[in-house]
Amino acid sequence: MDGSNARVLVIVVIATVMFFVGRRFQRTVDTWAGWGKAIKTAAEAAAKIPGAKAAAWVAVRGMIVAGLVAMVLFVVLTNVIRQGEASSPPSPAPSGTAKPLRGDR
């Protein structure tokens, strides 16, 4: 191999190595930036957890209160209906003079 061919080969090898090293460096920088963003996002999410937890418990308490109110209303209405049935006079017994059915004529 003469001198000029060897120099071209060395330049090509150096350029190829620099290309691969540059790609690896760029991937590392991108990954590092992504990791930083993930930490920032996680910190923001962690800051929102207490507020979300409190809101969830308020909603649960509200559902329990709504369920209790509905149950009390149901019980009161059921008792009113039962009281109304107990205080009304009994229905008259059938007299035995019922109209015959059409097929019985």
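A quick note: this is a predicted structure, and the numbers were derived from the prediction, not measured. (Residues numbered from 1 in each chain as written. Predicted model: local features only at pLDDT ≥ 70, side-chain atom pairs only at ≥ 80, totals over all residues. Heavy atoms only, no water.)

Trainee: For the overall build of the protein chain, give the residues involved together with the corresponding values.
Mentor: When its secondary structure is counted, the protein chain shows one helix and zero strands. Approximately 9,800 Å² of the protein chain is accessible, and the part contributed by carbon and sulfur atoms is 72%. (Helix = DSSP H or I, 4+ residues; strand = E, 2+ residues; numbered from the N terminus. Areas by Shrake-Rupley, 256 points an atom, 1.4 Å probe, with all protein chains shown as cover.)

Trainee: Outline a nonpolar patch on the surface, supporting the account with residue identities and numerical values.
Mentor: A cluster of nonpolar residues, Trp57, Val60, Ile64, Leu68, Met71, Phe74 and Val75, forms a patch on the protein surface that exposes about 710 Å² of accessible area. Structurally, the position occupied by Met71 is in helix H1 (residues 3-87). With a relative accessible area of 47%, Met71 lands in the partly exposed category. (Patch = residues over 30% accessible without salt bridge, like charges linked within 9 Å, V, L, I, M, F, W, Y side chains within 5 Å. Salt bridge = Lys/Arg side-chain N within 4 Å of Asp/Glu carboxyl O. Buried < 20%, exposed > 50% of the residue type's maximum accessible area, 1.4 Å probe, protein only.)

Trainee: Can you break down the packing of aromatic side chains residue by residue, with the values?
Mentor: All chains considered together, the criterion is met by two aromatic pairs. A ring pair is formed by Phe19 and Phe20, whose centres lie 5.5 Å apart and whose planes are at 70°; its orientation type is edge-to-face. Plain terms: the ring middles of Trp32 and Trp35 are 5.1 Å apart, the flat faces sit at 50° to each other, and that makes the pair tilted. You can see Trp32 and its partner Trp35 sitting in helix H1, three residues apart, about one turn around the helix. (Phe/Tyr/Trp six-rings, centres within 6.5 Å; stacked < 30°, edge-to-face > 60°.)

Trainee: So, the environment of Thr16: which residues are in play, and what are the values?
Mentor: Take Thr16: it is sitting in helix H1. In this structure the side chain of Thr16 is engaged in a polar contact, spanning 2.8 Å, whose partner is the backbone oxygen of Val12. (Polar contact = N/O pair within 3.5 Å; in protein donor to acceptor, adjacent residues only side chain to side chain.)

Trainee: So what's going on with H1? Which residues, and what values?
Mentor: Across its 85 residues, H1 extends 121 Å between first and last C-alpha, which sits within 8% of the 126 Å expected from 1.5 Å per residue. The axis of H1 is deflected most strongly, by about 35°, at Ile49, and proline Pro50 appears within four residues downstream. (Expected span 1.5 Å × (residues − 1). Bend = angle between axes of the 7 residues up to and from the residue.)

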